[in-house]
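Each chain is listed here by its residues.
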Amino acid sequence: MCAQYTTFGLAPAMRAGGVLTDGGYQVHRDFVDFIVDGRPLLFRLSDLDAVSPLASDVPPAIFTAQVRSLLLESPAPLPGGRYVVYGCPECEDLACGAVTAVIQRDGEDFVWRDFAWQTDEHADLELNGYHGIGPFRFRGAEYGAALSALLNDSVPDSRRRVLLIGARVAVLAKLAAALRTIGVGADIAHDADGVPADELRGYGAVAFGHGTGERERAAVRRAFERAQVPVACVDGLAPIVPLLVAQIEHALDRSPSEQRRLTGLTATGGEAGIEVTSACRVTLTAYRLDRLSRTHTHEIFDGVLEPGRHRIALDTKAVKGQSFLVARTSTSVLVAAVPR
């Protein structure tokens, strides 16, 4: 049994939703991640697209049951004292695969050990074990306080609604439809005048259409300020739905900036600069508007990057004229305009 203590904490996290280049969608999920020794545990698991059981969109009774389960106040859901630590973000079915671990008490301490990838009731540690991860020993007081706080209405508020402001109704309608498809609520309005404060508190972001004037933008910001509602403001770069969705997803990210996986995206001199904090799969997509305002999409890169800064060459044909880049990992997304 491990003797060295490891710190335990919790932090808001996000599985980034989006409109994919193949026409599909990736569902947005907000959840609470486990912070082990100051770093998200999820980042230790290579490039895993998964969420913890502490998802904000599950019914309150299920969320409470998950917390109490991790506090060992109920029997383990899987044989051998195993608990699901991360599961499928789309359906949460064990058959899709999940990261599980044995969670047990050792005196006042809590120990997480024998991490494994599991697709049925029994884990094969020799074949599917995460041999380089854990065991982790957490002080009982620290562990219990962090999880118990979630039972006292301290779970981070995801506020997965977006207010869309603009005059181009057709573009906003397509954007709202795309956001709703990935699980983000969206409402369209010309302004926020007269909207009760209680309604404004339901929004996590405001997105302004490309043609919205500064006076209209300032009025909307003042409405949220009067209601004392902190809200992220998104200035739409171009009438390209996947691009706007990516901008909004970034604005909705509530995870601490120091605990994000994708931390930088730049575009200069015919190349893109990408910075990541842990090994992960990164996709880089270019969106371009031609002279007839038609959208052209180009896949620039799709591969695993190691921690650090990386340079990726850009095809000049893909980024000529008015172009934008979207970099995406399973947990975050960044957008950058390409200088002309």
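This one's a predicted model, so the numbers in the text were calculated from it and none came from an experiment.

1. Focus on the domain arrangement of the chain
It is common to give the size of an interface as the accessible area that goes away when the parts come together.
Here is step 1: Assigned domains of the chain: these are domain 1 (8–152), domain 2 (159–254) and domain 3 (256–339).
Here is step 2: Tallying the contact residues gives 12 residues for domain 2 and 14 residues for domain 3.
Here is step 3: For the pair domain 2 and domain 3, the summed buried area comes to about 1100 Å², and 71% of that belongs to carbon and sulfur atoms.
Here is step 4: Summed over the three residues of domain 2 that lose the most area to domain 3, namely Ile240, His250 and Asp253, the buried surface amounts to 40% of that side.
Here is step 5: Note that aspartate 253 is salt-bridged to arginine 260, the shortest N-O span being 3.6 Å.
Here is step 6: Taken together, the links from domain 2 to domain 3 amount to 2 residue pairs in polar contact (both at pLDDT 80 or more).
Here is step 7: For the side of domain 2 that touches domain 3, a count of residues per class yields 7 nonpolar, 2 polar and 3 charged.

2. Looking at the pattern of salt bridges
Here is step 1: The tally for this structure, following the rule as stated, stands at 18 salt bridges.
Here is step 2: Between arginine 15 and glutamate 90 there is a salt bridge, with its nearest N and O atoms 2.9 Å apart. Of this pair, arginine 15 sits in strand E1 (residues 8–15) while glutamate 90 sits in the loop between strand E6 (82–86) and strand E7 (98–106); the two residues are 75 residues apart in sequence, bridging distant segments of the chain.
Here is step 3: A salt bridge links aspartate 187 to arginine 161, with the shortest nitrogen-to-oxygen separation between them at 2.7 Å. Separated by 26 residues along the polypeptide, aspartate 187 in strand E11 (residues 185–189) and arginine 161 in strand E10 (residues 161–165) bring together distant segments of the chain.

Here is what the cut-offs are and how they apply
- Counting of residues starts from 1 at the beginning of each chain's written sequence and follows it residue by residue.
- Whole-chain, interface and lining totals are the exception, using all residues; otherwise, since this is a predicted model, local features are given only for residues with pLDDT of at least 70 and side-chain atom pairs are given and counted only at 80 or more.
- Excluded from the side-chain calculations are hydrogens and water; all other atoms, namely the structure's heavy atoms, are used.
- An automatic or database domain assignment supplies the residue ranges for each domain.
- The contact definition used throughout considers only heavy atoms, calling two residues in contact when any of these lie within 4.5 Å.
- Here the quantity called buried area is the total loss of accessible area, with a 1.4 Å probe, experienced by two parts when brought into contact, counted for both.
- Salt bridges are defined by distance alone: a side-chain nitrogen of Lys or Arg within 4 Å of a carboxyl oxygen of Asp or Glu.
- Between N or O atoms, a polar contact is any pair within 3.5 Å; within protein, one atom must be a potential hydrogen donor and the other a potential acceptor, and residues adjacent in sequence are included only when both atoms are from side chains.
- Charged residues are taken to be Asp, Glu, Lys and Arg, nonpolar residues to be Ala, Val, Leu, Ile, Met, Phe, Trp, Tyr, Cys and Pro, and polar residues to be all remaining types, Gly included.
- Numbering goes from the N terminus for both helices and strands, where a helix is a DSSP run of H or I of at least four residues and a strand is a run of E of at least two.

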